[in-house]
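Coordinates in review
For reference, the chains in residue letters:
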Amino acid sequence: MSTTTTATMHSSVSPSSESHKVSSSGEAAISVEEWQGWGTTSPIPSMVTQVVDDLKLLQKDSDADMIFGGNHGKLSGDFKVQEDKKHRATYQSLGDSETKLQFFSARQIACRVLGSRGYLCQKCWLPSEDCMCSKLISCPLWHRVRFWLYMHPKDFLRQNNTGKLLWQVFGIQAATLCLYGIAEHEEMMWDALKLAGKDKVWCLYPNKNAPAKSVKDSMAKLSFSHVECPPETTDGGHSLNFILIDGTWSNSGAMFSRLKDRYELMWGDELPCITLNTGASLMHKLRPQPSWDRTCTAAAAIGLLDELHDLPNFVSYGLDKQAKAIEDAVEVLLEALTARRLRMGRSITRKQRHNRDIL
């Protein structure tokens, strides 16, 4: 973490507000150590670095402090006004939709990283005083399963995000973060999927434009006896890869479309989707879904592992225990978020306003 960044609470903020202030008064650059501390193994994306450099240059030229106030790395004060004009002009000047998406994603992520310094725990993404890391219990995921958390930038470092629990429990090699619109992340994911092959890639998403397939429909005929090997010798070509779209329902359509297009470009076929028989997640108590048949990302992973465990060809791999480990982690997150809200005088129930995690 940078030693040149300080974080303090606004003195004029009421106890019920979660506003905070982060003032970057020195070196704003993001180190590889800091970047990877947020849950990724990738190098720092080049466009994220460029956005940070531009913010630093604007700070120098404008002689205004780079202040982040409130949640999600939102700029505030005079610097926000100047940066808003500059980033809008930059966005408009970009010639194609792909570059615009990459710029949008990089700016979101850069601001969230800079705005969370000294405020959020890098591991659990909760404010430091609410850190829940000591209560989480890690558990090895069966080495033939790999999760890909395809996360929208607006969900990156979000405190109530549940996708982060997968790599906190299973590790970043078993549950890998892939940020939507970040070229380096997406290329890393597709390289791994290409190695695995089209018959070992599925997306957990209710695709309404194709026949729905259950876990049983997709997995019941798979056999592992001819490729089973110790975890230390298993390569990506033997992994069953499950893509979890981690974002709001309103953002999920564009994310799924991007996955479909890339899959079709690579293999000339429709991206296979799996639908789950999941019930309501514990997180419904704090973060309602658009309907009761939709659930959070962690609950989708739990549902997948439980349904796989029910199949005769998967029953011996302990997937039920691995599902229980994630369920326990969701309880820990719920307790941490509830305690924070109570301490700040906020309600622990919410109106159905946000269409959050989409699985």
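Residues numbered from 1 in each chain as written. Predicted model: local features only at pLDDT ≥ 70, side-chain atom pairs only at ≥ 80, totals over all residues. Heavy atoms only, no water.

- Going by what an unreviewed UniProt entry lists, the protein is known as tRNA-uridine aminocarboxypropyltransferase and is assigned to Nicotiana attenuata.

**A few points about the packing of helix H2 (residues 46-62) against helix H3 (residues 77-93)**
- In contact at an axis separation of 11 Å, H2 and H3 are set at 125° when each is read in the N-to-C sense. Of the possible angle classes, the one that applies to H2 and H3 is oblique. Crossing handedness for the pair H2 and H3: right-handed. Between H2 and H3, the contacting residues are Asp54, Leu55, Leu58, Gln59 and Ser62 on the first element and Phe79, Gln82, Glu83 and Lys86 on the second.
- Looking at the contact of H2 with H3 residue by residue, the classes come out as three nonpolar, three polar and three charged. (Axes fitted to C-alpha atoms, helices over the stretch in contact; angles between N-to-C directions. Helix = DSSP H or I, 4+ residues; strand = E, 2+ residues; numbered from the N terminus. Parallel < 35°, antiparallel > 145°, perpendicular 65-115°, else oblique. Left-handed = near helix turned anticlockwise from the far one by under 90°. Contact = heavy atoms within 4.5 Å. Nonpolar A, V, L, I, M, F, W, Y, C, P; charged D, E, K, R; others polar.)

**A short note on the packing of aromatic side chains**
- On inspection of all chains with the given rule, the structure shows ten aromatic pairs.
- When the ring of Tyr150 is compared with that of Tyr180, the centres are 5.9 Å apart and the planes differ by 85°; the resulting orientation is edge-to-face. Residue Tyr150 is found in strand E5 (residues 145-151), and its partner Tyr180 is found in the loop between strand E6 (175-179) and helix H6 (183-196); the two are separated by 30 residues along the sequence. Each member of the pair Tyr150 and Tyr180 is classed as buried.
- Put simply, the rings of Trp35, Trp125, Phe156 and Trp167 touch in pairs and so form one group of aromatic residues. (Phe/Tyr/Trp six-rings, centres within 6.5 Å; stacked < 30°, edge-to-face > 60°. Buried < 20%, exposed > 50% of the residue type's maximum accessible area, 1.4 Å probe, protein only.)

**Looking at empty space enclosed by the protein**
- By the definition in use, this model includes two cavities of 30 Å³ or more.
- Lining the largest cavity, in full, are Val51, Asp54, Leu55, Leu58, Glu83, Lys86, His87, Thr90, Phe103 and Arg107.
- For the lining of the largest cavity, the secondary structure elements donating two or more residues are H2, H3 and helix H4 (97-116).
- For the lining of the largest cavity, the residue count by class is four nonpolar, two polar and four charged. (1 Å grid on protein atoms, 1.4 Å probe; cavity = no way out; pocket = protein on both sides within 12 Å on 5 of 7 lines; lining within 4 Å. Points joined across faces, edges and corners; volume = space filled by probe spheres on them.)

**Some thoughts on the sheet that holds E6**
- One open sheet holds the five strands; their spatial order is E6-E5-E8-E7-E9, and the pairing between them is parallel. Two strands bound the open sheet, and with one partner strand each, they are E6 and strand E9 (273-274).
- With four bridges connecting them, strand E7 (residues 201-204) and strand E8 (residues 240-246) associate as parallel partners. Among the inter-strand pairings, Trp202 is bridged to a residue of E8, identified as Phe242.
- Here helix H9 (residues 297-309) sits on the sheet and contacts E5, E7 and E8; the angle it forms with E8, its principal contact strand, is near 150°. (Pairing = 2+ DSSP bridges.)

**Points about unusual backbone geometry**
- The backbone of Asp63 shows a phi angle near 55°, a positive value even though the residue is not glycine.
- Following the sequence through the fold, Asp63 ends up in the loop between H2 and strand E3 (66-69).
- The exposed category is assigned to Asp63, whose relative accessible area is 72%.
- One non-glycine residue with positive phi stands out, namely Trp125, at about 65°.
- Take Trp125: it is sitting in the loop between H4 and E5.
- Given the relative accessible area of 0%, Trp125 is considered buried.

**Some remarks on the pattern of salt bridges**
- Inspection of every chain in the model, using the stated rule, returns 14 salt bridges.
- A salt bridge links Arg107 to Glu83; the nearest nitrogen and oxygen atoms lie 2.8 Å apart. Placement of the pair is Arg107 in helix H4 and Glu83 in helix H3, with a sequence separation of 24 residues. Just as Arg107 is buried, Glu83 falls in that class too.
- Between Asp130 and Arg343 there is a salt bridge, and its shortest N-O distance comes to 2.8 Å. Taken as a pair, Asp130 in the loop between H4 and E5 and Arg343 in helix H10 (residues 319-343) lie far apart in primary sequence, 213 residues in all.
- On the accessibility criterion, Asp130 (8% relative accessible area) is buried. (Salt bridge = Lys/Arg side-chain N within 4 Å of Asp/Glu carboxyl O.)

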